[in-house]
Amino acid sequence: MDPALTEAFGLDPDVLHLNHGAYGVAPGEVRRAAAAWRERAERNPHRFNRVEAEGLVAAARARAAAFLGVQADRAAWVRNVSEGVSAVLGSLDLAPGDELVTSTHGYGAVRKALAHRAARAGARVVEAAFPVGAPDEDIVAAYAAVLSPRTRLAVVDRITSPTATVVPVAAVAGAAAAAGVPVLVDAAHAPGHLNDDIAALGADYWVGNLHKWAYTPRGSAILWSRPGTSVTPTVLSWRLDDGYAESFDYPGTWDCAGWLAVPDGLAFWELLGGWEAVARQARMAEVGQRVLATVLGVTLDGLPAGPAPLMRLVPLPGGVLTCPEQAGPLYEELSRRGAEVAVVFFGGTGYLRVAAAPYNIAGDYARLGRIVRDVIEAG
């Protein structure tokens, strides 16, 4: 790992960090900015919360909206994608027999939320199924095949969490629009990672985390909704009647320091080089994927046709991971040996999902391969 950037991100240098896509990490200076906002609030909590916070939160939201290329009045603060998805689901009028669509690659917490909301209404969840490595046209066809007159919402991942696949959202949204189905894009991994024109994707709702690849504090995400749609916050509070974005700005008394430090995280992203830096990291991810595959003696055939630029799958050797229940123990053993990486079991195959963050270097992937090989040889 790059020593200077490892220090800048405030990471433990004795750990091999190859899973930035899971929880992200705010650089040290961004964490200090959040701490400064927190201290300012505590110096005069009454005035800060009663008078100052409203304008400060709105200004930070406007900065986040500009970064994402959307209008500030259509960009609502949420703490994470799960909260944004919950707000959209809670705003749906569902009846018995209605359907909610997702895919077999969908994030587990979102699938759980869909199942819960459907069960409460007597509706059901329908999944679009496609294998790892499916071409774009097959992914679109899989979604189109499960849309019906009973479908009330289709949730489409921009980048799938377990399989690090970039989904052709615009094409899926087009198929959904033809069927009269609104689309929610789960863009948890997209901000700072994919240079999307969000409105042009054709979706009705989009929610993305800023804390992963835009280097902001955790608890900062944006829920965009197309003009004409109606979404109610999950927390109903004082600003409920003040407009779409404003209704999310104040979820009751809470610590908004992370939101206020979002501009600092976005400035750090830009300081690193913005989209040029993302392109460099993407080349690192591709090289690292090949290096890890070589060390493990596996082939990269059949992997996502459109891989996430900064997250890649590498198959584990045959027999290493044969069921979902083995993923946790393998992760724990790798972590015990100082390697943080996502262990995935999907479609009958075990994978490692590796990331390429600014602090990663080419040697990290060979190092991971040696650790994995040692675990396999140790039985």
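Now for a quick tour of the structure. (Residues numbered from 1 in each chain as written. Predicted model: local features only at pLDDT ≥ 70, side-chain atom pairs only at ≥ 80, totals over all residues. Heavy atoms only, no water.)

Observations concerning the pairing of strand β7 (residues 205–209)
Extensive coverage of β7 is indicated by the burial of 5 of its 5 residues. Of the pairings in the sheet, the one linking strand β6 (residues 183–186) to β7 comprises 3 bridges and is parallel in character. The partner of V185 across the bridge, within β7, is W206. Judged from the 5 bridges that link them, β7 and strand β8 (residues 221–225) form a sheet pairing that is antiparallel. Residue pairing in the sheet places N209 in a bridge with A221 of β8. (Buried < 20%, exposed > 50% of the residue type's maximum accessible area, 1.4 Å probe, protein only. Helix = DSSP H or I, 4+ residues; strand = E, 2+ residues; numbered from the N terminus. Pairing = 2+ DSSP bridges.)

Some remarks on the sheet that holds β7
The mixed open sheet is built from 7 strands, whose spatial order is β2-β8-β7-β6-β5-β3-β4. Because the sheet does not close on itself, it has two edges, and the strands there are β2 (75–78) and β4 (124–128). On average, adjacent strands in this sheet sit at an angle of 20° to one another, irrespective of strand direction. When strand β3 (residues 99–103) meets strand β5 (residues 151–157), the two strands line up parallel, connected through 3 bridges. Note that in β5 the partner of E99 across the bridge is T151. Contacting β2, β3, β5, β6, β7 and β8, helix α5 (residues 81–90) crosses the sheet at an angle of about 160° to β7. (Axes fitted to C-alpha atoms, helices over the stretch in contact; angles between N-to-C directions. Contact = heavy atoms within 4.5 Å.)

Topic: the nonpolar core
Judged by nonpolar contacts, the single largest core of 94 residues is most densely connected at W77, L334, L352 and L368. Per-element tally for this core: the top contributor is helix α4 (residues 45–68), with 8 residues. Sequence-distant contacts of W77, that is, excluding residues within four places in its chain, are made with V57, A60, R61, A64, L210, S220, A221, I222, F248, D249, W259 and V262. V85, A121, V155 and A188 belong to the second largest nonpolar core, which has 27 residues in total. (Core = buried A, V, L, I, M, F, W, Y, C linked by side-chain atoms within 4.5 Å.)

Things to note about the packing of α4 against helix α11 (residues 262–272)
Each pair of packed helices can be summarised by the angle the axes make with each other and by the distance between the axes. Viewed as axis vectors pointing N to C, α4 and α11 meet at an angle of 30°, and their least axial separation amounts to 9 Å. Here α4 is positioned roughly parallel relative to α11, judged by the angle of their axes. Judged by residue contacts, A60, R63, A64 and F67 of α4 engage V262, P263, L266, A267, W269 and E270 from α11. Grouping the constituent residues of the contact of α4 with α11 by class yields 8 nonpolar, no polar and 2 charged. (Parallel < 35°, antiparallel > 145°, perpendicular 65-115°, else oblique. Nonpolar A, V, L, I, M, F, W, Y, C, P; charged D, E, K, R; others polar.)

Points about the pairing of strand β11 (residues 342–346)
For β11, the tally of buried residues reaches 4 of 5 residues, placing the bulk of the element in the interior. Looking at chain direction, β11 and strand β12 (residues 349–355) are connected through 5 bridges and run antiparallel. By the bridge assignment, A342 is partnered in β12 with R353. What sits between the antiparallel neighbours β11 and β12 is a turn of 2 residues, in which G347 has the positive phi angle 60°.

Some words on the packing of aromatic side chains
By the definition in use, this model includes 10 aromatic pairs. Between F9 and Y359 the ring centres are 5.2 Å apart and the planes differ by 70°, which places this aromatic pair in the edge-to-face class. Taken as a pair, F9 in the loop between α1 (3–8) and β1 (16–17) and Y359 in the loop between β12 and α14 (363–378) lie far apart in primary sequence, 350 residues in all. Across the pair, Y359 and F9 agree in class, each one buried. Here the aromatic rings of W254 and W259 are separated by 4.8 Å at their centres, their planes lie at 70°, and the arrangement is edge-to-face. Judged by relative accessible area, W259 falls into the buried class, the value being 1%. Members of the aromatic cluster, connected to one another through ring pairs, are F9, Y215, F268 and Y359. In this arrangement the basic side chain of R74 is found over the ring face of Y244, its NZ or CZ atom lying 4.5 Å from the centre. Above the plane of the ring of W254 lies R79, whose end atom (NZ or CZ) is 4.9 Å from the centre. (Phe/Tyr/Trp six-rings, centres within 6.5 Å; stacked < 30°, edge-to-face > 60°. Lys NZ or Arg CZ within 6 Å of the ring centre and 35° of its normal.)

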